[in-house]
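Residue-level listing of the chains:
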Amino acid sequence: MAVEVILPKVDMDMETGAVHAWKVREGDAVRAGDVLFEISTNKAAMEVEAPASGIVRGIAAEEGATLPVGTIVAWICAPDEQPPARAEPAEVRAHVAAGGSPAPAKPAAPAGAISREPSALRATPLARRLATSLGIDLRQVPGSGPRGRIVSDDVDRHAGEMQSTVASAGARNGAVIAADARVIEAGRPRVRRVPLTAVQRIAAQRLVESVRTAPHFAVSAHIEMQALIDLRARLAPRIEEQTGIRPSLTVLLARIAGHLLPRHERINGSMEGESVCLHGDVNIGIAVDRDGELMVPVLKRAGERSLAELTAELARLRKEIEDRAIRPADLTGGTFTISNLGMYGVDSFSAIINPPESAILAVGRTVATPVGRDGQIVLVPRATFTLSCDHRLVDGVLAARFMRDLREAIEHPEVLI
Amino acid sequence: MPNEIVAHGAGVRECSYAEAIREALAQAMEADGRVFLFGEDVGVYGGAFGVSGDLFHRFGPERVIDTPISELGLAGAAVGAAITGMRPVLEIQFSDFITLAMEQVVNQAAKIHFMFGGKASVPLVIRLPGGSGTGAAAQHSQSLEAWFAHVPGLKVVQPSTPHDAKGLLLAAIDDPNPVLIFEHKLLYKTKGPVPVEPYRVPIGKAAVRREGTDITVVATSIMALRAEAAAQRLAAEGISAEVIDLRTLRPIDFPTVAESVRKTHRLLTVYEGVKTMGIGAEVSAMIAESEVFDFLDAPIARLGGAEVPLPYNPALEKAAVPQEDDIVAAVRRLVREGEA
């Protein structure tokens, strides 16, 4: 019995979605739990797993095409089974859509003929597969096998040699390959090609999209941290008693931002088409790294929840990210993002806005800094906060007002009461 | 009866392939009154290869039955007994003689369950000593298992170890369908660990005998042993061969083979039956048709029996079927030169 594969609903308000990239091809054998395809929501890359073991047939969603949630995009069949008729194979549909008939089979190359067409080259299936995945033109690869057949080792060797002449591994057909040049083995240059993970690829696309569409500007402020440090010192034992976890500076800042943002609705807003979307809730995304992958879990309604709740919530989100058990609902719906690199010793930085949000707050480290006060130079703990804004929604004055309120709240956290 | 059994851990001891089969028969007959063994010289004489041994004396002439020399008659009796509720185990003295019983095996045993809409089944086991190497010449040395693996409705197994001989025979006796067990005459005296208690080796499941990364060698029956020995020699020259003992020809365990070839990128099949239209062709085609095709980095190669009636001359007889050296050479050629 063929099992249908549908475009799942991974977010509460999701009505349509798109297969971002298929990870299997027509006819592939899969086991239940194997990744079939990636979908992208407005916040996260999600891998969709096979609901059953069997053969993938009747792939009926082109990459990137928007489809209603619940659309059948493929079937998992028994080896000798065909999918139900309504899911025609994608190629057939494509031909029909293009008004054409299926292309006639290519005439076979005459035996022994040497052609420059890759299909007529002698190469093993694995070598062809590898060349495709590395974006290598097989015609450039010398074959070491019988009668000049190209084997996978030849492709590997060629990929290594290419590094010395080709400066960059580019993007081809949407597949971005990161190159990491290393000098090993007696100075012989070698490239290590590591495909981006699904999360990295989505993050890359979203960041490019953000920089391309949102005119960024940044405002910075040095803010004295003593009051917040004192508050945290007083609260920490109590919160730790309740939750078992010490509240981080980031959680305090999320709570403060949650308190402030209802009064800065454009900074809490998002650009959607020709209009600005103003959100009733303040949902604070926290930038988190997982083995080189940027993830932004969201603290929902951060302004209405206690520090203890937020502390426990962020700990849960971090653990689920670590365990790769995070649900899309926890990665979506953010209205503002905080990125704190202070713990790495960064003094200040400006971040790229997490689209479609309109601003992101970058937090540097707290440093004992000499400042002038009442005619004296005194040392005060101080941190630099930088707000990157989308100038389409937020102008300099709005950004400045937010920073003024942020300074007030951090230097006098009692205003939160 | 000489006792060749050696203690070998808790409940497991070393015994020969023939003893393992005898033990399976005895345990099946003890457990189930419907099980009986019959065939030419299986009784008083103890079997042409000594497999049934003392079973005649232990279970009596009603359950270990010497028969006339008439394979078609025996097979017909076996099918009839199976349909009427018995669990017959038929020994065909040399597997070559099954040609005389083709009508009953192929046209009756394999089809009755289907043609009667499932109302009848044929829980029949046929034991078939096959293979060359004993100087028994062209009519007593063949490996005809592929003929039967071609027939829907039959199951075909080929144990290569004492452990699998016992486990597959017990599984075959349990099975409600006709199962043909091709035993290898040269394996009867080989020894290995065998649990004392009854157990089953699942029909349809191959065994990975040795893990490797450079090539998958799929072998059947005694060829699995030769492939293992070859793999050991090849390891010394830096070639890591994975050896899969197919164990069951029908239904064939494709996933185990596919998973291995996906990893090693190369496939050699080794079987004693004549190379053309044999097991190796089937395994090769399954891989070539599957998604594993894209993972092949060399042609698929077959190593099978020569295209001749098996010679009586011992040197020629040996040359007519794959030997350990042939497997070593074929693997080297595939891995080093990329040639089948």
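Preceding this paragraph is the structure being described.
So, how was this worked out
- Residues numbered from 1 in each chain as written.
- Chains lettered and ligands numbered in written order.
- Predicted model: local features only at pLDDT ≥ 70, side-chain atom pairs only at ≥ 80, totals over all residues.
- Heavy atoms only, no water.
- Helix = DSSP H or I, 4+ residues; strand = E, 2+ residues; numbered from the N terminus.
- Buried < 20%, exposed > 50% of the residue type's maximum accessible area, 1.4 Å probe, protein only.
- Areas by Shrake-Rupley, 256 points an atom, 1.4 Å probe, with all protein chains shown as cover.
- Pairing = 2+ DSSP bridges.
- Axes fitted to C-alpha atoms, helices over the stretch in contact; angles between N-to-C directions.
- Contact = heavy atoms within 4.5 Å.
- Buried area = accessible area lost by both parts, 1.4 Å probe.
- Salt bridge = Lys/Arg side-chain N within 4 Å of Asp/Glu carboxyl O.
- Parallel < 35°, antiparallel > 145°, perpendicular 65-115°, else oblique.
- Left-handed = near helix turned anticlockwise from the far one by under 90°.
- Nonpolar A, V, L, I, M, F, W, Y, C, P; charged D, E, K, R; others polar.
- Phe/Tyr/Trp six-rings, centres within 6.5 Å; stacked < 30°, edge-to-face > 60°.

Undergrad: Can you break down the overall build of chain A residue by residue, with the values?
TA: Within chain A, the secondary structure is distributed over 8 helices and 22 strands. Evaluated residue by residue, chain A yields a buried proportion of 44% over its 417 residues. Working note: accessible area of chain A is about 21800 Å², and carbon and sulfur atoms make up 53% of it.

Undergrad: I'd like to hear about the sheet that holds strand β12 (residues 241-245) of chain B, residue by residue, with values.
TA: Each strand in a sheet pairs with its neighbour through backbone hydrogen bonds, running either in the same direction (parallel) or in the opposite one (antiparallel). Residues and elements named next belong to chain B. If you trace the 5 strands from one edge of the open sheet to the other, you get β10-β12-β11-β14-β15, paired in mixed fashion. Whereas interior strands pair on both sides, the edge strands pair on one side only; in this sheet they are β10 (207-210) and β15 (301-305). Averaged over all pairs of adjacent strands, the angle between their axes in this sheet comes to 25 degrees, without regard to strand direction. For strand β11 (residues 215-219) and β12, the ladder comprises 5 bridges, and the chain directions are parallel. Directly across from T216, in β12, lies its bridge partner E242. Strands in contact with helix α10 (residues 279-289) are β11, β14 (267-274) and β15; relative to β14, the strand with the most contacts, it is inclined by about 155 degrees.

Undergrad: Tell me about the interface of chain A and chain B, and name the residues and values.
TA: Size of an interface, as often reported, equals the accessible area lost when the parts are brought together. Counting residues at the interface gives 16 residues for chain A, matched by 13 residues for chain B. Summed over the three residues of chain A that lose the most area to chain B, namely P125(A), L126(A) and R129(A), the buried surface amounts to 42% of that side. Here chain A is connected to chain B by 3 salt bridges. Residue assignment for the side of chain A that touches chain B shows that the elements contributing at least two residues are α2 (125-134) and α3 (152-165) of chain A. If one sorts the elements of the side of chain A that touches chain B by residue count, α2(A) sits on top with 4 residues.

Undergrad: Describe the pairing of strand β8 (residues 72-77) of chain A, and please don't skip the residues or the numbers.
TA: All names here are of chain A. Within β8, 6 of the 6 residues are buried, which leaves it mostly tucked inside the rest of the structure. Of the strand pairs in this sheet, strand β6 (residues 54-57) and β8 are connected by 3 bridges, and their pairing is antiparallel. Within the sheet, the bridge partner assigned to I55 lies in β8 and is C77.

Undergrad: Which residues make up the packing of helix α5 (residues 226-243) of chain A against helix α7 (residues 307-322) of chain A, and what values do they have?
TA: Residue and element names in this part refer to chain A. It is the contact of α5 with α7, at a shortest axis distance of 10 Å, that shows an interaxial angle of 60 degrees. By the angle class used here, α5 and α7 are oblique. Considering only the axes of α5 and α7, their crossing is right-handed. Of α7, the residues touching α5 (which contributes L235, I239, Q242 and T243) are L307, A308, T311 and A312. Here the contact of α5 with α7 is built from residues that sort into 5 nonpolar, 3 polar and no charged.

Undergrad: Outline the packing of helix α9 (residues 254-264) of chain B against α10(B), listing residues and values.
TA: All names here are of chain B. Where α9 contacts α10, the axes come no closer than 10 Å and their chain directions differ by 65 degrees. Pair α9 / α10 crosses with right-handed handedness. Counted together, F254, V257, A258 and V261 of α9 and V283, M286 and I287 of α10 form the full contact between these two elements. Of the residues in the contact of α9 with α10, the class split is 7 nonpolar, no polar and no charged.

Undergrad: Please provide a residue-by-residue account of the packing of aromatic side chains, values included.
TA: A complete count under the given rule lists 8 aromatic pairs over all chains for this structure. Ring centres of F336(A) and F402(A) lie 5.8 Å apart, and the angle between their planes is 55 degrees; on these two criteria the pair is classed as tilted. Note that F336(A) is positioned in strand β19 (residues 336-340) and F402(A) in helix α8 (residues 396-411), a separation of 66 residues in sequence. Note on accessibility: F336(A) and F402(A) belong to one class, buried. Judged by centre distance (5.9 Å) and plane angle (40 degrees), the rings of F148(B) and F182(B) are tilted. With a gap of 34 residues between them, F148(B) in helix α6 (residues 145-149) and F182(B) in strand β8 (residues 179-184) connect regions that are remote in the sequence. Among the aromatic residues, those joined into a cluster by ring pairs are Y17(B), F49(B), F94(B), F97(B) and Y188(B).

Everything listed is a geometric property; what it means functionally is a separate question.
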